[in-house]
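# Per-entry structural report
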Amino acid sequence: MQAKDNTLCLTKRKPKWLTLRCIKLTSTESVFYSPANNLKGSSALIVIYKIGLTSKTMQYIASQSNHPATVFLNQNEITKRHCNIRWFNQTSEIKRCGHGTLAAANFLIKYFGYCPEVFTSMSNERFTIRVKKQRAQLLLKSIEPKKSELAKGELKSVFSSAIKAAYSTGDKNGYTVVLFNEEFNKEFSKEFSKDVEKDDLKSLHVDFKALSKLHKNAIIALSIKNKDKKNAIAHFRYFAPQFGVNEDSATGSAVSVIAPLLFRLYGLNKAKLIQQSNNGALLNYEFNNAKVVIY
């Protein structure tokens, strides 16, 4: 399918930046949603541009959007095997964005019938795309966190519930996973939708001001609900006030840290992850040979 010559915009009111000559096409795409379980997932604004779009203009466009991420792709690269990608939230550029990458890939598949095999970030990280039944799957290298008593001590006053354990990655891709529940709930139903509202992470309170001051990493709050390998389920929330987002609605990049940790602790190589943000999200993954496939 050939790209349209006119600029496509799905918003009711045409923003001023859309009149820029370098903007070729815009649209929105949602990922990680599950209507059957009342999980809305997250969305991204996709902006395909010609040459001449500066970082400053990208940030301005993202600041005018009400989507958690705005994704920028160069028109000359989207038909190639490798394509550069950039993501911004309302206040800053995002270092890693799984949901934005999947949204961009699904948009390209849906409207053009093709998608690059690899998206490359500004830090040269590769976000590999697999296509299955006309839907994109994201392949990432896993990031192994290590147990950290320092992180546990720094964060003990941030949360309303006691921390069981904390695991941190290095500074390059800074995440800290905080475990609040390591108990196996044998009664947890396969029909998990009714139980989502009862989970302890939903009622977890966070002091975002203290978090910004006390800890430099983004936080993944994690609760294990079912360790059975055939029906493994975990709940999580994602907090990053240090990077301009108190809580993210659906965080694909976090799975690259969660997956190796669940494998190390419980031998799980796949699971359903329910992100208990206000919107709620459902993320599935498979972990093998230090790589994570997210869909």
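Residues numbered from 1 in each chain as written. Predicted model: local features only at pLDDT ≥ 70, side-chain atom pairs only at ≥ 80, totals over all residues. Heavy atoms only, no water.

With that settled, consider the overall build of the protein. Helix and strand counts for the protein stand at five helices and 18 strands. Long-range contacts, defined here as pairs at least 24 residues apart, represent 62% of the contacts in the protein between residues at least 6 apart. Surface exposure of the protein reaches about 14700 Å², of which carbon and sulfur atoms provide 48%. (Helix = DSSP H or I, 4+ residues; strand = E, 2+ residues; numbered from the N terminus. Contact = heavy atoms within 4.5 Å. Areas by Shrake-Rupley, 256 points an atom, 1.4 Å probe, with all protein chains shown as cover.)

Another aspect to go through is the sheet that holds strand 3 (residues 69-74). Here we have five strands laid out as an open sheet, ordered 1-2-3-5-6, and mixed in their pairing. The open sheet has two edge strands with one neighbour each: strand 1 (23-31) and strand 6 (93-94). In the sheet, strand 2 (residues 42-49) pairs with strand 3 via six bridges, with the strands oriented parallel. Bridge pairing in strand 3 links Ala44 to Ala69. Seen against the sheet, helix 1 (residues 55-63) touches strand 1, strand 2, strand 3, strand 5 (86-88) and strand 6 and runs at an angle of roughly 45° to strand 5. (Pairing = 2+ DSSP bridges. Axes fitted to C-alpha atoms, helices over the stretch in contact; angles between N-to-C directions.)

Attention now moves to the confidence of the model for the protein. Looking at the protein as a whole, its pLDDT mean stands at 89, while 87% of the residues score no less than 70. Here residues 1-7 is modelled with pLDDT under 50, and outside its nearest four sequence neighbours on either side it reaches 12 contacts, counting other chains as well. (pLDDT = per-residue confidence, 0-100.)

This paragraph deals with the pattern of salt bridges. Per the counting criterion, the structure on display carries six salt bridges. For the salt bridge of Arg81 with Glu117, the shortest nitrogen-to-oxygen distance reads 3.2 Å. Of the two residues, Arg81 sits in the loop between strand 3 and strand 4 (82-84) while Glu117 sits in the loop between helix 2 (98-112) and strand 7 (118-120), which places them 36 residues apart along the sequence. Here Glu93 makes a salt bridge to Arg86, at a shortest N to O gap of 2.9 Å. For Glu93, a relative accessible area of 34% corresponds to the partly exposed category. (Salt bridge = Lys/Arg side-chain N within 4 Å of Asp/Glu carboxyl O. Buried < 20%, exposed > 50% of the residue type's maximum accessible area, 1.4 Å probe, protein only.)

This part is about the pairing of strand 13 (residues 218-226). Across the nine residues that make up strand 13, a large majority, nine, are buried. What sits between the antiparallel neighbours strand 13 and strand 14 (residues 233-240) is a turn of six residues.

Now for unusual backbone geometry. Non-glycine residue Asn38 carries a positive phi angle of around 60°. Of note, Asn124 is a non-glycine position whose phi angle comes to about 70°, a positive value. Mapped onto the fold, Asn124 is located in the loop between strand 7 and strand 8 (126-132).

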